[in-house]
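Structural features, examined
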Amino acid sequence: MKVFRSKIFLLIFLITVLLFLSNDFKLINVEKTAIITAIAIDKSNEDYLATVQVAVPEATDTNTENQKAVISGKGKTVGEALKDIENATGWYPKLAFCNLIILGNNFKSENVIKVLDYFVKTLRVQDSAVVVFSEEKAYTLLEKATPMDNISSFAIQKIILKDPGFDKNIATVNIKDFAVNYYGRNSSSYMPYISVKLAKEDDEKTSSGETSGNKTTSSNSESTSGNSTNNKGETIFDATKTALFKNGVLVGILEKEQTLAFNLITADAVETAISVGIENNGETTNYMLRILRNSRSIKIKKDNGKLKLYVNLNVYCKISDTDDKTYNGSYSDYTVLPKKVKEQAEINLKKDIEKPLNVSSNTECDVLKLDDRIYKYHNSFYSNYKENPAKLLDYEITVTVNSQK
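Residue positions within a chain follow its written sequence, with the count starting from 1. With pLDDT at 70 or above as the cut-off, local features in this predicted model cover only qualifying residues; side-chain atom pairs require 80 or more to be listed or tallied, and sums for whole chains, interfaces and linings still use all residues. Excluding hydrogens and water, the side-chain values take into account all heavy atoms of the structure.

Before going further, it helps to examine the packing of aromatic side chains. Centres within 6.5 Å make a pair out of two Phe, Tyr or Trp rings, where for Trp the six-membered ring is used; the pair is then stacked when the planes are under 30 degrees apart, edge-to-face when over 60, and tilted otherwise. Here the structure, examined in full by the defined rule, presents eight aromatic pairs. Aromatic side chains Tyr48 and Phe107 sit 6.3 Å apart centroid to centroid with 15° between the ring planes, which places their arrangement in the stacked category. One end of the pair, Tyr48, is in strand β2 (residues 47-57); the other, Phe107, is in the loop between β5 (100-103) and α3 (113-121), with 59 residues separating them in the sequence. On the basis of an interplanar angle of 15° and a centroid distance of 6.2 Å, the ring pair of Phe133 and Tyr193 is categorised as stacked. Taken as a pair, Phe133 in strand β6 (residues 130-134) and Tyr193 in strand β7 (residues 188-198) lie far apart in primary sequence, 60 residues in all. Judged on exposure class, the residue Phe133 and its partner Tyr193 are both buried. Among the aromatic residues, those joined into a ring-pair cluster are Phe133, Phe178, Tyr193 and Phe245. We call a charge positioned over a ring when the NZ of a Lys or the CZ of an Arg lies within 6 Å of the ring centre and within 35 degrees of the ring normal. Over the face of the ring belonging to Tyr316 we find Arg293, whose NZ or CZ atom lies 3.8 Å from the ring centre. One Lys or Arg, Lys301, reaches over the ring of Tyr310 and ends 5.6 Å from the middle of that ring. Under the scheme used here, helices are H or I runs from DSSP no shorter than 4 residues and strands are E runs no shorter than 2 residues, and both carry numbers assigned from the N terminus. Burial classes: relative accessible area under 20% of the type maximum marks a residue as buried, over 50% as exposed, and values in between as partly exposed (1.4 Å probe, protein chains only).

The structure is reproduced here in structure tokens:
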């Protein structure tokens, strides 16, 4: 009996190996699999336009760069648009490595959850994939190339998913967190707002001035080809602004300073730089401070029968650079900040923290999740503040800037 069982198990093992080697498990052929690194979604009349960026490895002895391919498809739904790409190319779109979803400016007045729901519910895309909103058409971002990266999706991911040690100046969110915020009680969400600018603006102006008198130039001939222009790497991406969403609709934008302040009171911001200008006799002396660590708290407390918001921020920093010729301090971590620099930094940070609160009040976008805090800790007051907590709550902001000792 034992010998018979052993033969059965051996037979099953051999059949399994045979099926695996003969591809009878319907595994996707590697040569027909497209590794998608980013997806851009736009609206084309009543259809969805899905544009994907595919990493195409073409490494040789003389070329070690990965080339990019940008492919588009249309459909009545996002899933249908992606399916159209598969049908038109014969390549199976592998979304497991897709870490970036870009929404185009066509969705400024539409509920973006109609687009993102597909990625939330499908198992083909990671929940950790970041989502961003483009200042222009989403597909145009995939056609760009930066001086450092030929594949634009890699360049965007580098500035959004920064390693420790970089400035904490971007409010990053993934698909899962955006959906959780949207389906929350106050339906408030946010995501980075991407814009494109020239990497060498001064050189571009000079170049255009020098060639304006020539009837025929190499740059003019290249401008007729979209691929030639895009591969020059003349653009870079800026994601320091933040798009705010209420009920899935874009309602406001946090500017660069406001985004930095939002990050300072909601997350660790080690190694982040802040600028301070001190005016004296009509001249401005500039200082760049490097944050060594920050501690923060956002609390709602009872005050005379009402609720009051208390925002506290403690920043420990040092002078990283200055154009003050009379400054004799060392640039070590133990340098004491000049009194005027310390006071001005506190004033600037307090103003920058007030701005997100004002934007939240005007747009009813509860990015600080005040609704959840009231519901959890002060439920008896919830009915009085649930409409627009940022507008109805009195607030007190305390900012303390300290030297590292």
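For the rest of this paragraph, the subject is the packing of α3 against helix α6 (residues 175-182). Axis definition: a line fitted to C-alpha atoms, over the contacting stretch in the case of helices. Angles run 0 to 180 degrees between N-to-C directions. Where α3 meets α6, the axes come as close as 10 Å, and the angle between the chain directions of the two elements is 125°. Judged by the inter-axis angle, α3 sits oblique to α6. In the crossing of α3 with α6, the sense of the turn from one axis to the other is left-handed. Here Ile113, Leu116, Phe119 and Val120 of α3 come into contact with α6, specifically with Ile175, Phe178, Ala179 and Tyr182. Put simply, Ala, Val, Leu, Ile, Met, Phe, Trp, Tyr, Cys and Pro go in the nonpolar bin, Asp, Glu, Lys and Arg in the charged bin, and everything else, Gly too, in the polar bin. Residues that form the contact of α3 with α6 fall into these classes: eight nonpolar, no polar and no charged. Orientation categories follow fixed angle ranges, with anything under 35 degrees roughly parallel, anything over 145 roughly antiparallel, 65 to 115 roughly perpendicular, and all other angles oblique. By convention, the crossing between two helices is left-handed when the near helix turns anticlockwise from the far helix through less than a right angle, and right-handed when the turn is clockwise. In this description, contact between two residues means that some pair of their heavy atoms is separated by no more than 4.5 Å.

Moving on to the confidence of the model for the protein. In low-pLDDT segments, the atomic positions of the prediction should not be examined closely. What pLDDT reports is the predictor's confidence in each residue, on a scale of 0 through 100. Chain-level statistics for the protein give a pLDDT mean of 83 and a share of 82% at 70 or above. With pLDDT under 50 throughout, residues 203-231 is counted as low confidence; its partners more than four residues away or in other chains account for 15 contacts.

Turning our eyes to something else, we now look at the pairing of β5. Burial along β5 is two-sided: the residues Leu100 and Ile102 and Ile101 and Leu103 are all buried. One ladder, built from three bridges, connects strand β1 (residues 33-44) with β5; its direction is parallel. Bridging across to β5, Ile41 finds its partner in Leu103. The pairing criterion is simple: DSSP has to find at least two bridges between the two strands. Relative to β6, β5 is paired through four bridges, and the arrangement is parallel. Note that in β6 the partner of Ile102 across the bridge is Val132. Assessed by its sense of winding, the connection that carries the chain from β5 through α3 to β6 is right-handed. We call a crossover right-handed when, viewed with the strands running away from us, the connection from the first strand over the helix to the second turns clockwise.

If you check which residues of helix α12 (residues 370-377) are buried, you get Leu370, Asp371 and Ile374. Along α12, the residues classed as buried sweep out an arc of 105° about the axis, all on the same side. For α12, the exposed residues set more than 90 degrees away from the buried face come down to Lys376 and Tyr377. Taken together, the buried residues of α12 touch β11 (283-303), β12 (306-322), α13 (382-385) and α14 (389-392). Here the arc refers to the set of directions running from the helix axis out to each C-beta atom.

Taken together, the four strands give an open sheet; going across it, the order is β10-β11-β12-β13, and neighbouring strands pair in mixed fashion. Strand pairing shows two members of the sheet lacking a second neighbour, β10 (273-280) and β13 (394-403), which therefore form its edges. Neighbouring strand axes in the sheet, compared pairwise and without regard to direction, differ in orientation by 35° on average. Looking at chain direction, β12 and β13 are connected through 10 bridges and run parallel. Along β13, the bridge assignment pairs Leu313 with Val399. Its contacts with the sheet place helix α10 (residues 256-264) against β10, β11 and β12, and it is angled at close to 50° to β11. Together, β10, β11, β12 and β13 form the strand contacts of helix α11 (residues 339-363), whose direction differs from that of β13 by roughly 145°.

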